[in-house]
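# Examining the three-dimensional arrangement
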Amino acid sequence: MAVSEEECSSTKSRSASNNGARYLAKCVLRGSVILQVVRGHFRSPTSNDIVFGKETSLELVIIGEDGIVHSVCEQAVFGTIKDLAVLHWKERFHYQNPQMQGRDLLVVVSDSGKLSLLRFCNEMHRFFPVTHVQLSSPGNLRNQLGRMLAIDSNSHISKFGDGNGERLEGDFLVSMERSWSCSYQFAFMNHGCFIATSAYEDRLAMFSISMATSSDIIDKRIFYPSEIEGDSGIARSVHRTSMDGTIWSMCFISKDLNQPSRGYNPVLAIILNRRGAVLTELVLLEWAIIENTVRAISQYAESGHLAHSIVEVPHLYGFAFMFRIGDALLMDLRDAHNPCCVYRTSFDILPTSVEQNFVEESCRVHDGDEDGIFNVAASALLELKDYVAKGDDPMNIDSDSGILKSSSKHVCALSWEPGNEKNSRMMFCVDTGELFMIEISFDSDGPRVNLSDCLYRGLSCKALLWVAGGFLAALVEMGDGMVLQLEQGRLVHRSPIQNIAPILDMAVVDCHDEEHDQMFACCGVTPEGSLRIIRSGISLEKLLRTAPIYQGITGIWTVKMKVSDSYHSFLVLSFVEETRVLSVGLSFTDVTDSVGFQPDVSTLACGIVDDGLLVQIHRNGVKLCLPTTVAHPDGIPLSCPICTSWFPETISISLGAVGYNSIVVATSSPCFIYILGVRSVSAYQYEIYEMQHVRLQNEVSCISIPHKHFDKKPSFFLNNLVGNSCAAALLIGVNIGRIFVIGTHKPSVEILSFLPDEGLRILASGAISLTNTLGTAVSGCIPQDVRLVLVDRFYVLSGLRNGMLLRFELPAASMVFSSELSSHSTSVSSCSVNDADTTLSNMMVPNSIGPQMCAINISEETNINSPVSLQLIAIRRIGVTPVFLVPLSDSLEADIIALSDRPWLLQSARHSLSYTSISFQPSTHVTPVSSIECPMGILFVAENSLHLVEMVHSKRLNVQKFYLGGTPRKVLYHSESRLLLVMRTELNQDTYSSDICCVDPLSGSLLSSFKLELGETGKSMELVRVVNEQVLVVGTSLSSGPAMMPSGEAESTKGRLIVLCLEHMQNSDSGSMTFCSKAGLSSQRTSPFREIVGYAAEQLSGSSLCSSPDDTSCDGVRLEESEAWQLRLAYTTTWPGMVLSICPYLDRYFLASAGNSFYVCGFPNDNPQRVRRFSVGRTRFMIITLTAHFTRIAVGDCRDGVVFYSYHEDSKKLEQLYCDPEQRLVADCILMDVDTAVVSDRKGSIAVLSCSNHFEDNASPECNLTLKCSYYMGEIAMSIKKGSFSYKLPADDILKGCDGSNAIIDFSENSIMASTLLGSIIMFIPISREEHELLEAVQARLVVHPLTAPILGNDHNEFRSRASSVRKAGVPKILDGDMLAQFLELTNMQQEAVLALPLGSLETVTSSSKQALPSPISVNRVVQLLERIHYALN
């Protein structure tokens, strides 16, 4: 994709497709802001899982032993998450679903107005709802329940361990909300547990959880005040106190159940800010279970400090911390009627900070920001503010809440240590970024609070989570978070947690003529502002590229010396008529002669059959080699390798495979398959012997042997196998080393087993018969590669020669066991082979067994029992060239690289077929390579070069970071200099310090900068063409106050318009410049391999520099250029208002706004040192954006939305043409053509407006634009760009000929890219009317099907059309690509079940779609269309 930077030069630029704009929206990069974090056992009773709540998505991660965060899965929720908590499983819980036993539930409240309980499904690899409880109507109103959560599950009785007798975690879990905290307590009691949820103000509700198997999970419920719910089962007469005010925090106060009591009535503590009150107070509420009433039993308030949150102390029943501005109070609430403070900890005099500071100062809340991005991002989208501080004016989203403007420190995040029942320890962060630990102890005088010294200093944290292993996840809202580890009383940094939010601007360019465009984004705020390169797909760290000397490679493999080795020993390269063997290590050295492989033939396959025994398969025979110590230290101590060979009689080998203790080769004419073994003759002497050969009716196209014997798994793993079916039969009592998989020209895939006493048997078989939408057979379905995979179940992957990928599974209905395996197999031979199952290591004496020949045609073999039929589960097309499958390790559950037109990573643990692109160029061959220096290496063959890369599993985002400091606001690409121009503000923590700098896009080095005046803030900039050169026009602010009033009108301010010329200069040194690395930043990682086959390792050109996503600089980058570029001031003038927007116009003018006015400006006589204002236009409110397309001008202001203008050059006047039909708080706007505008607003929506139905001759200021379509993202898009995008596959020409499809349209200049404050990148892809109708019908079914419906209970149609009039008849919807993408994650049967839902019952489908679509809808047609989009987006 590429962003179009050129304006159309013809009035015929109107796009016919936009007259009926139809788009599909797909999130290509999910938001990275983590607002909530919880821990639990979601995948299994022993898994230590972490869930990130990211506003519009959930991400499940784990922290490895190395302290690196690994993402397990992420899913969109199709709603807005407000709060998360965990309902821990306890021994007395009895769920109806046995799979839920031992697993925790995730509790979520959202804008759906429902309380949702979610469980994790391992099979589908995602969360699913267990139940929903309706709390209120959908939305975000202040008085709607569902703002905050608290859980009471007091559990001092039961034990829940990890198998070692220790508790996995404590009963308390806390997550932070906003800049003050919200707390959750988890405890278990004899009668169940309780959940509380509150509105932002005035209201709350409590629920009891049932443990019985025959009832719903939610047993009882009560609303307070009760009149908000009409449930007849809820008591009406409730003794209550006024709750008028804002609920800031709440938690349950547990009781010691060992103490005598008449019954258990849960007590809820809340921090309440009453209307009109300056301070907050602590209120204790009790739910009387028997009377079913809620009453306020006590209140507590102290003058002076403002309390903002309360959190209970785990394992100390009745004690809680109340955090206030400046201090924390340890409260004794054991007698809930008489709360009292027993210990006070002041934050004004904290211990000295540690010497090694991560960041000198924390991020501040900023005044005078007209965009309001800081406060909006800090509070997340549409998060409600304090009523007292804000009022109800929608323009107040730009103002600060004012609640925490205090010189005193306050706690902004905290977390309790898990699993510590003896001493309660808490880690907390104050707003200055300092981390401390509190330990609570008891002595004769009562409880004492021991405060540690400062353990770490960094950015102020949004949330903390203390997890097992002493790791602490510290999450920052507008910068990278980090994983810290507690060691010897100090916190040590282990790894970053990437966060690119907020994205303030972006530029998509093809810099340095690379094959793929790159997105450069302005991310973060001071002091962590950075420029990020965002790429699609899985991140690779590029380590080495050789010279392009490897022409004609036909195969590439890595081989170990011993089966149990952790690292590879040899790299085998096969050419057309040659084979070379290289050692793997610090250097790749040619050891072909020392290994013994035949060098003058092309190798078909190779591998290891036992320790020290390597096998080479070529067309003429099979060669067994014992390498010498020259090739490997564990080789034989002889001068030459010992070799022996086996040759077939009069025929050539077509292909083969090598496994542990087994060799399988096949011939093509005639079609034979040979099973070979190896036995010891004497010391260092072995022979290859034939155990059986069989004649086949169909030629074999590929063979795959599992690398290892199956290792026993825990019992719960076996129980998860599907129905103890064929998978269990293969698993139990069968040596996986005796099983292999073949593909045939029939075409088919077959699982075979060679048993010594029964010979060769077909265990399972699956025919391949694919048809297109017209019923015609698809050609080229011969398997190119096959793999057996075992993750919870057995399945077979097959890559076809036509670029398709298939997944076969054993049917669950086939209930067979190991003892019955023979009854479900087809016997090939009755010949027995004695002792053939003995391992090679035990064969130290000559074996008397000779080759067994059974020339039997399998197809002619008659047997009562047939092999099990493999079930075709999923079909995908990933290209047009043959698909090769390369596992990343020898494990049967390893992820697999699927190599076709481009490399893809198949997640083996995922349901159906789930694949993600690998961020690398098209390649012909690939193999994993593991060494001490590079344990996770991958070797690609591309463009006749070997590319050594490392898959960066530790990076959750494929993002490269260039630290810039300050807050990067705008980024542009200057094509002539090939440099990025970046506007930075708030340099050195100074709000009114700005500059424009030139940045090298390869290294991130700052080459030069233009400093603005002291007190001047950069606001906008744009490249404008003057004849044959481009100048940079910059707009600034000279005022310190806000740009606009709360009403939206412009404030009385001043700004400056600056024109800069980018000039190149000769360097004083010998034509080169060296840039030093920035202080405190990591250096570029160098390749561990120094040379390969005698050639020096080349540094990767282009994208290799700083190739690691977290590399922030390149040390000693030397630019071999004779020119340096710098910015020179050409013109400046002061304007009456902040210059917030600049836009080129008609190649000879530019537009600039100041306040509520905008000007048409130009350069008289093409002189950039002079600027003339030709015309002026005015709006009612502050102008936010300006954009133009040919003669059309679109102006976006902060209230009236988008207004169209036209400029008449003859009269030098601006004419207003069309107005926005709705009031709109514009965030950004672009013109797709002269008739169509795309606008994002500050409420999270994108709308397409058009005037194509009007005629300009009859236009008047009262004419309104027409809403063509709208889409609620749930995130604010601060930058939208027009781009090019084509989802035409290389296979489309083939598909077009075979299925008659001619609806593939290339909308090359009409796609839209949007970047949001939460760090998301969303693509809006134009599609044809026929495609829209098809996918709309599919989406209507997906949103109601249990497997794909929104997991938080949202009405999908209501959510995506929220705050818009798009629901009116005749207006097409923008389709939800995230919802549609779920269709590709389903199996074929599930896809058919979704499409089989009756269309008449789906109200979300337009009547035209119902009439136009055939019934039933073809699965293949839908999959093909979604595959094209998925392929192009990746």
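Predicted model, so just to flag it, every value in this text is computed and none were measured. (Residues numbered from 1 in each chain as written. Predicted model: local features only at pLDDT ≥ 70, side-chain atom pairs only at ≥ 80, totals over all residues. Heavy atoms only, no water.)

### Topic: the overall build of the protein chain
The helix and strand tally for the protein chain stands at twelve helices and 95 strands. Taking all 1434 residues of the protein chain together, the buried fraction comes to 64%. Pairs at least 24 apart in sequence give 62% of the contacts found in the protein chain among residues at least 6 apart. As presented, the protein chain carries roughly 51700 Å² of accessible surface, and 47% of it is formed by carbon and sulfur atoms. (Helix = DSSP H or I, 4+ residues; strand = E, 2+ residues; numbered from the N terminus. Buried < 20%, exposed > 50% of the residue type's maximum accessible area, 1.4 Å probe, protein only. Contact = heavy atoms within 4.5 Å. Areas by Shrake-Rupley, 256 points an atom, 1.4 Å probe, with all protein chains shown as cover.)

### Remarks on the pairing of strand E43 (residues 613–618)
Burial of E43 is extensive: six of the six residues sit out of reach of the surface. From the end of strand E42 (residues 603–610) to the start of E43, which pair antiparallel, there are two residues, and Gly 612 there has a positive phi angle of about 80°. Bridge count between E43 and strand E44 (residues 621–626): five bridges; the pairing is antiparallel. From the neighbouring strand, His 618 faces E44, where its bridge partner is Gly 621. Counting the residues in the hairpin turn of E43 and E44 gives two residues. (Pairing = 2+ DSSP bridges.)

### Observations concerning the side chain of Ser 900
Tracing the backbone through its elements, the reader meets Ser 900 in the loop between strand E61 (896–899) and strand E62 (903–906). Here the side chain of Ser 900 touches Thr 881 through a polar contact of 2.8 Å, landing on its backbone oxygen. Sequence-distant contacts of Ser 900, defined by excluding residues within four places in its chain, comprise Gly 803, Ile 878, Gly 879, Val 880, Thr 881, Pro 882, Val 883 and Ser 923. (Polar contact = N/O pair within 3.5 Å; in protein donor to acceptor, adjacent residues only side chain to side chain.)

### Remarks on the sheet that holds strand E47 (residues 662–667)
Taken together, the four strands give an open sheet; going across it, the order is E46-E47-E48-E49, and neighbouring strands pair in antiparallel fashion. Looking at the sheet topology across the chains shown, the edges are occupied by strand E46 (653–659) and strand E49 (685–695). Pairwise comparison of adjacent strand axes, ignoring direction, gives a mean angle of 25° for this sheet. For E47 and strand E48 (residues 672–682), the ladder comprises four bridges, and the chain directions are antiparallel. Its bridge partner being in E48, Ala 666 is matched across the sheet by Ile 673. (Axes fitted to C-alpha atoms, helices over the stretch in contact; angles between N-to-C directions.)

### Concerning the pattern of salt bridges
Throughout the structure, instances matching the rule amount to 41 salt bridges. The shortest N-O distance in the salt bridge between Asp 505 and Lys 1281 comes to 3.6 Å. Here the residue Asp 505 occupies a position in strand E34 (residues 503–509), and Lys 1281 occupies one in strand E92 (residues 1277–1284), the gap between them amounting to 776 residues. For Lys 1281, a relative accessible area of 22% corresponds to the partly exposed category. One continuous salt-bridge network, built from bridges that share partners, spans Glu 302, Arg 324, Asp 327 and Arg 344. (Salt bridge = Lys/Arg side-chain N within 4 Å of Asp/Glu carboxyl O.)

### With respect to the packing of aromatic side chains
With the rule as written, the count across this model stands at 22 aromatic pairs. An aromatic cluster of at least three residues, connected via ring pairs, comprises Tyr 1145, Tyr 1149, Phe 1174 and Tyr 1207. The ring of Tyr 1159 is capped by Arg 1173, whose NZ or CZ atom sits 4.7 Å from the centre of that ring. For Arg 1199, the ring lying beneath its charged end belongs to Phe 1181, and the centroid distance is 6.0 Å. (Phe/Tyr/Trp six-rings, centres within 6.5 Å; stacked < 30°, edge-to-face > 60°. Lys NZ or Arg CZ within 6 Å of the ring centre and 35° of its normal.)

### Focus: the nonpolar core
Side chains of a nonpolar character, in soluble globular proteins, are inclined to be buried together. One finds Leu 24, Ile 500, Ile 534, Leu 1335, Leu 1380, Phe 1383 and Val 1422 to be the most contacted residues of the largest nonpolar core, which totals 44 residues. Elements with a contribution of two residues or more to this core: strand E2 (23–29), E34, strand E35 (518–523), strand E94 (1321–1326), helix H7 (1329–1342), helix H9 (1377–1381), helix H10 (1388–1395) and helix H12 (1419–1433). Ranked by the residues each element gives to this core, the list is headed by H12, at seven residues. Apart from residues lying up to four places away in sequence, Phe 1383 is in contact with Arg 876, Val 1338, Leu 1342, Gln 1391, Val 1394, Leu 1395, Val 1422, Val 1423 and Leu 1426. (Core = buried A, V, L, I, M, F, W, Y, C linked by side-chain atoms within 4.5 Å.)

### Remarks on the confidence of the model for the protein chain
Residues with a pLDDT of 70 or more make up 74% of the protein chain, whose mean pLDDT is 78. Contacts for the low-pLDDT stretch residues 813–864, under 50 throughout, to residues beyond four places or in other chains number 122 contacts. Segment residues 1068–1122: pLDDT under 50, and 147 contacts once partners within four positions in sequence are set aside and those in other chains are kept. (pLDDT = per-residue confidence, 0-100.)

### So, the sheet that holds strand E68 (residues 967–974)
Ordered by their spatial adjacency, four strands build an open sheet running E68-E69-E70-E71, and the pairing between neighbours is antiparallel. With partners counted over all chains shown, the strands left at the sheet margins are E68 and strand E71 (1006–1011), one partner each. The sheet shows a mean angle of 20° between the axes of neighbouring strands, taken without regard to direction. Relative to strand E69 (residues 979–985), E68 is paired through seven bridges, and the arrangement is antiparallel. From the neighbouring strand, Leu 972 faces E69, where its bridge partner is Leu 981.

### Considering H10
Listed in full, the buried residues belonging to H10 are Asn 1388, Gln 1390, Gln 1391, Val 1394 and Leu 1395. Buried residues along H10 cover an arc of 160° about the axis, so they all sit on one side. Tucked into the core, H10 has its buried residues touching strand E59 (871–877), H7 and H12. (Arc of directions from axis to C-beta.)

### Let's talk about the packing of H7 against H12
With their axes 11 Å apart at the nearest point, H7 and H12 run at an angle of 105° to one another. The pairing of H7 with H12 is recorded here as roughly perpendicular in orientation. Residues Glu 1331, Leu 1334, Leu 1335 and Val 1338 of H7 form the contact with H12, whose participating residues are Arg 1421, Val 1422, Leu 1425, Leu 1426 and Arg 1428. Considering only residue class, the contact of H7 with H12 consists of six nonpolar, no polar and three charged. (Parallel < 35°, antiparallel > 145°, perpendicular 65-115°, else oblique. Nonpolar A, V, L, I, M, F, W, Y, C, P; charged D, E, K, R; others polar.)

### Details of the pairing of E48
E48 sits mainly inside the fold: nine of its eleven residues count as buried. Where E47 folds back onto E48 in an antiparallel hairpin, the turn is made up of four residues. Across ten bridges, E48 lies against E49 in antiparallel orientation. What sits directly across from Tyr 674, in E49, is His 693. From the end of E48 to the start of E49, which pair antiparallel, there are two residues, and Tyr 684 there has a positive phi angle of about 65°.

### A few points about the environment of Gly 1041
Position of Gly 1041 relative to the elements: it lies in the loop between strand E73 (1029–1037) and strand E74 (1055–1066). With a relative accessible area of 27%, Gly 1041 lands in the partly exposed category.

### A short note on the packing of H10 against H12
Running from N to C, H10 and H12 cross one another at 105°; their axes reach a closest spacing of 10 Å. Relative to H12, the element H10 lies roughly perpendicular. Across from Gln 1391, Glu 1392 and Leu 1395 in H10, the residues of H12 making contact are Val 1419, Val 1422 and Val 1423. Looking at the contact of H10 with H12 residue by residue, the class counts come to four nonpolar, one polar and one charged.

### Details of unusual backbone geometry
Looking along the chain, the bond that leaves Ala 501 and enters Pro 502 is cis, with omega of -10°. Checked against the element boundaries, Pro 502 lands in the loop between strand E33 (490–497) and E34. Positive phi, close to 60°, is recorded for Thr 650, a residue that is not glycine. By relative accessible area, which is 83% here, Thr 650 ends up exposed. Phi angles above zero are rare outside glycine, and Asp 1166 is one such case at about 55°. Secondary-structure assignment places Asp 1166 in the loop between strand E82 (1157–1162) and strand E83 (1172–1178). Residue Asp 1166 is classed as partly exposed on the basis of its relative accessible area, which comes to 48%.

### Here's the deal with H7
With 14 residues, H7 should cover 20 Å at 1.5 Å per step; its first-to-last C-alpha distance of 20 Å lies within 8% of that length. Burial of H7 is extensive: twelve of the 14 residues sit out of reach of the surface. Buried within H7 are the following residues: Glu 1331, His 1332, Glu 1333, Leu 1334, Leu 1335, Glu 1336, Ala 1337, Val 1338, Gln 1339, Ala 1340, Arg 1341 and Leu 1342. (Expected span 1.5 Å × (residues − 1).)

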